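# Structure at a glance
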Amino acid sequence: QVQLAESGGGLVQSGESLRLSCVGSGSAFTDYNSGWFRQAPGKERELVAIIDWSGTGTMYGDFAQGRFTIFRNNAKNTVYLQMNNLRPEDTAVYYCGADENWGRAVAGLLRIWGQGTQVTVSS
């Protein structure tokens, strides 16, 4: 079982950038597909981006394409989310997840979740 810890959230102005990090510990990181999901107040949790165990396969939510990039460094047990040109509608808690099964990851049903990191974008 891997444990996950997110960091990198904060308060930024519209148009600025953030890089979120998710560090895994306790188990072999290369056993897991990973991803980022977000949840805004009053909204359902939604897909931001997922990445396979090798870092070669990715999938993005529609709003994220062209602005956000997911990548991983397995030597550092870390998955990153680079977010550029942030907008107020990106304000949410961002959660990192992990699962051995790609299908569950795509469905947002990852078995393992971090505690979340708050991203707030002001206009």
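Shown above is the structure to which this text applies.
The structure displayed is predicted, hence computed values, not measured ones.

Parameters and conventions
- Residues numbered from 1 in each chain as written.
- Predicted model: local features only at pLDDT ≥ 70, side-chain atom pairs only at ≥ 80, totals over all residues.
- Heavy atoms only, no water.
- Pairing = 2+ DSSP bridges.
- Helix = DSSP H or I, 4+ residues; strand = E, 2+ residues; numbered from the N terminus.
- Axes fitted to C-alpha atoms, helices over the stretch in contact; angles between N-to-C directions.
- Salt bridge = Lys/Arg side-chain N within 4 Å of Asp/Glu carboxyl O.
- Buried < 20%, exposed > 50% of the residue type's maximum accessible area, 1.4 Å probe, protein only.

### Considering the sheet that holds strand S1 (residues 3-7)
- Within the open sheet, the four strands sit side by side as S1-S3-S8-S7. Their pairing is antiparallel. Strands with a single pairing partner mark the edges of an open sheet, and in this sheet they are S1 and strand S7 (68-73). Taken pair by pair, the neighbouring strands of this sheet meet at an average axis angle of 15°, ignoring direction.
- Of the pairings in the sheet, the one linking strand S3 (residues 18-25) to strand S8 (residues 78-83) comprises six bridges and is antiparallel in character.

### Some details on the pattern of salt bridges
- Counted by the stated rule, this structure contains five salt bridges.
- Between Asp 90 and Arg 38 there is a salt bridge, with its nearest N and O atoms 2.9 Å apart. Taken together, the positions of Asp 90 in the loop between S8 and strand S9 (92-99) and Arg 38 in strand S4 (residues 33-39) put the pair 52 residues apart, joining distant regions of the chain.
- For Arg 38, a relative accessible area of 6% gives the class buried.
- Put simply, Arg 67 and Asp 90 hold a salt bridge, and the shortest N to O gap is 2.8 Å. One end of the pair, Arg 67, is in the loop between strand S6 (58-60) and S7; the other, Asp 90, is in the loop between S8 and S9, and 23 residues separate them in sequence.
- The class of Arg 67 is buried, set by a relative accessible area of 8%.
- Note on Asp 90: relative accessible area 0%, which makes it buried.
- Through salt bridges with shared partners, one network takes in Arg 38, Glu 46, Arg 67 and Asp 90.

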